[in-house]
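# Structural description and commentary
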Amino acid sequence: MMKKLISIMLVAAMFAGLCVGGVPRAAADTKEMFLMLPVGLPYYVLNGVQKKIDAAPEIVKGRTFVPIRLISETYGANVGWDNGTRTVTVKLGNTSVVLKIGSVAATVNGKAYTLDAAAYIKAGRTMVPIRFISEALGLSVQWEPQKRLVYISAKPTFNAPGVTDKEVLIGSFSALSGAVSVIGVPFYHGFQSYINYVNDKGGVNGRKIKVEIADDQMNPALTVPAVKKFVEEDKVFAVVAGLGTPGCLAVMDYLNTNGVPFIYQGSGVSALAYPPKNYVFAVQPNYTTEGQIFTKFATDNRWNNLAVIYSNDDAGNEGKNGIEAGAKKFGAKIVYESPFPTTETDFTSYLLKVKDSGADALLVYTINVALAGNIVKTAKSLGLTQKIILDYSMAGIAATAGAAAEGVYVTGWIDFSNPDDPGVKKFYDIWLKYYPKDNPLTFSYAVAGYAAGEIFVEALRRAGQYPSRDALVWALETFNGWNGDIVKDISYGPNERAGKYSMFFMQVKNNQLVKVSDWVSVLQKP
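Keep in mind it's a predicted model, so treat the numbers as computed, not measured.

### A short note on the overall build of the protein chain
For the protein chain, the helix and strand inventory stands at 14 helices and 31 strands. The C-alpha radius of gyration computed for the protein chain amounts to 27 Å, which stays within 12% of the reference 24 Å derived for 526 residues, consistent with globular compactness. When the backbone C-alpha atoms are referred to their principal axes, the protein chain occupies close to 90 × 45 × 40 Å. Evaluated residue by residue, the protein chain yields a buried proportion of 55% over its 526 residues. By sequence separation, contacts in the protein chain at least 24 residues apart represent 65% of the contacts at least 6 residues apart. Between the averaged position of the 52 positive side-chain charges in the protein chain and that of its 45 negative side-chain charges there is a distance of 8 Å.

Next up, the structure:
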């Protein structure tokens, strides 16, 4: 229950600054504060920790009112109460704020202000307009109307690595040369195009984003020194959009140990998200999650008896483990299961056993396109009637298996099924505006980079006017089913770092992949 309450509270989107002009700023030694407060709930989150509040925030005449001590004493101010005059006084350094119960008159250092609504007593607590008292103390206040959530941050002694008044410096790595550059170049271009778009609109909270890009050729021997340079010499704020499992795994622990946020890895390996690491935020569905989604989709369609074959490598074994976990979670029965070597060329014996197993569906887990194509063609030749489900790297199965692929199911995690979707159109407009010479057929790689940019920019926006690395972590933990232009349903939490817990399913029909399901999610919050 506690975790659910935290999840409810940690929901925020883009915040619009609505500062009260002319209110003096407190001149005192104050502390860093990152507070999220949902209207109507008797809880708040301070620096990532949930706390109880005596009187829930409520809206009066369009203003949010909270107990005065919540803001004042949390930030280190002293609160005084005069029962005779029903006056409350808040003092912090050289700043003195005076309000009177039942009156719209208030003063800050003797200067008079008129409030939109008067302070009042509720449950024995003095309720005051949160924006007025917060900004008088030098705090930044932002409001998310859709989620009815107030976000308050304090300007710390500000020295966040990579952050100046005008710029946020981040690092990124991709294969810009070598054999894998056919993937790495559009991946980076998709990422940089979104950053360029944001910068051209003014940046985030008044700062432009600068990207230091390293060409690691998807070789961890090049990734490691490049990332160490980012951290130790360039002093980047975060590392965003790293491509490739080898390099991402090689620098994951280094970045986490050094407290540098590492957001979006172009990889599906589960080790990025499990066990969760404080500063590492995965996005792409990992093999464990996808395996569970396989099982959830099957049981949702009442295909409860499952056959599983998987490649005997890291990806296949992780996918198989996810399928097994999903079977326990969703009530499926695995009636046949077998690994196969990545050198296998004849799948007849495996598939004959599947055919006779009584299985309703065959779940195949391998990221080797040639092997999957061979399996699908052999199954068709043997007359298997089981439904066949493949992972999202098999989006080209119709080309690989030809007519045998008809009816096969394939997962997806970014939905491009509707070319008229505004998000899809926006992606193409932005990507090809900044990189008009890119081949549009490489869109699936550019999309991944674009998604990384969307997530980082949204987190940076939520981290507020004075972002720290920890504030960025807390901001990411507020993602609860967040949707961007093209990336959808992204969730994090204090112990959740996988990002994407949902996928949809497509089916090969007349040689084309056709979307046949809504999002299937395996994220369960107690």
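### Concerning the nonpolar core
Judged by nonpolar contacts, the single largest core of 107 residues is most densely connected at F456 and L472. Those residues in contact with L472 that sit more than four places away from it in its chain are F237, A238, P261, I263, F456, A459, L460 and A463. Grouped together as the second largest cluster of nonpolar side chains are 37 residues, I53, A119, V141 and V150 included.

### Here we look at helix 14 (residues 469-476)
Among the 8 residues that make up helix 14, 7 are buried, leaving the element largely enclosed by the rest of the structure. If you check which residues of helix 14 are buried, you get R469, A471, L472, V473, W474, A475 and L476.

### Re the packing of helix 9 (residues 348-355) against helix 10 (residues 369-382)
At their nearest, the axes of helix 9 and helix 10 sit 10 Å apart, and the two run at 55° to each other. As the angle between them shows, helix 9 and helix 10 are arranged oblique. Handedness of the helix 9/helix 10 crossing: right-handed. Across the interface between the two elements, T348, L351, L352 and K355 from helix 9 touch I375, T378, A379 and L382 from helix 10. When its residues are assigned to classes, the contact of helix 9 with helix 10 shows 5 nonpolar, 2 polar and 1 charged.

### Considerations on the sheet that holds strand 7 (residues 78-82)
Strand order in the open sheet formed by 5 strands is 7-8-9-10-11, with antiparallel pairing between adjacent strands. Edge positions in the sheet fall to strand 7 and strand 11 (111-114), since each of these pairs with one other strand and no more. Pairwise comparison of adjacent strand axes, ignoring direction, gives a mean angle of 20° for this sheet. As defined by bridge partners, strand 7 adjoins strand 8 (residues 87-92) across 5 bridges and the pair is classed as antiparallel. Bridging across to strand 8, D82 finds its partner in T87.

### Brief notes about the sheet that holds strand 16 (residues 167-174)
Across the sheet, which stays open at both edges, the 5 strands sit in the order 17-16-18-19-20 with parallel pairing between neighbours. The sheet terminates laterally at strand 17 (208-215) and strand 20 (280-281), the two strands that pair on one side only. Inspection of the sheet shows strand 18 (residues 238-243) paired to strand 19 (residues 262-266) by 4 bridges, in the parallel sense. Considered in strand 19, the bridge of L243 is made with G266.

### Notes on the environment of N317
Of note, N317 is situated in helix 8 (residues 314-330). Among the residues examined, N317 registers a relative accessible area of 25% and is labelled partly exposed. Spatially, the C-alpha atoms of N317 and P339 are 8.2 Å apart, while their sequence positions differ by 22 residues. For N317, the contacting residues outside a window of four places in its chain are Y310, S311 and N312.

### Focus on unusual backbone geometry
Looking along the chain, the bond that leaves Y274 and enters P275 is cis, with omega of -5°. The residue P275 is located in the loop between strand 19 and strand 20 in this model. Residue Q217 is not a glycine yet carries a positive backbone phi of 55°. Relative to the helices and strands, Q217 is located in the loop between strand 17 and helix 5 (220-234). Although it is not a glycine, A241 sits at a positive phi angle of roughly 65°. Within the fold, A241 resides in strand 18.

### With respect to the pattern of salt bridges
Taken as a whole and judged by the stated rule, the model has 13 salt bridges. Among the ionic pairs, K320 bridges to E324, the shortest N-O distance being 3.9 Å. Separated by 4 residues within a single helix, K320 and E324 lie in helix 8, roughly one turn from each other. On the accessibility criterion, K320 (13% relative accessible area) is buried. Look at E324 and you get partly exposed, because its relative accessible area is 26%.

### Considerations on the pairing of strand 9 (residues 95-100)
Residue alternation in strand 9 divides its side chains into a buried set, T95, V97 and L99, and an unburied set, S96, V98 and K100. Here 6 bridges tie strand 8 to strand 9, and the two strands are oriented antiparallel to one another. Bridge assignment links V90 to a residue of strand 9, and that residue is V97. Two successive antiparallel strands, strand 8 and strand 9, enclose a turn made up of 2 residues, where G93 displays a positive phi of approximately 60°. Sheet topology places strand 9 next to strand 10 (residues 105-108); 3 bridges connect them, and they run antiparallel. Residue pairing in the sheet places V97 in a bridge with V108 of strand 10. In this structure, the hairpin formed by strand 9 and strand 10 is closed by a connection of 4 residues, where G102 is found at a positive phi of approximately 85°.

Criteria and thresholds
Residues numbered from 1 in each chain as written. Predicted model: local features only at pLDDT ≥ 70, side-chain atom pairs only at ≥ 80, totals over all residues. Heavy atoms only, no water. Helix = DSSP H or I, 4+ residues; strand = E, 2+ residues; numbered from the N terminus. Rg over C-alpha atoms; globule rule 2.2 N^0.38 Å. Buried < 20%, exposed > 50% of the residue type's maximum accessible area, 1.4 Å probe, protein only. Contact = heavy atoms within 4.5 Å. Lys, Arg positive; Asp, Glu negative; His and termini not counted. Charge placed at Lys NZ, Arg CZ, Asp CG, Glu CD. Core = buried A, V, L, I, M, F, W, Y, C linked by side-chain atoms within 4.5 Å. Axes fitted to C-alpha atoms, helices over the stretch in contact; angles between N-to-C directions. Parallel < 35°, antiparallel > 145°, perpendicular 65-115°, else oblique. Left-handed = near helix turned anticlockwise from the far one by under 90°. Nonpolar A, V, L, I, M, F, W, Y, C, P; charged D, E, K, R; others polar. Pairing = 2+ DSSP bridges. Salt bridge = Lys/Arg side-chain N within 4 Å of Asp/Glu carboxyl O.

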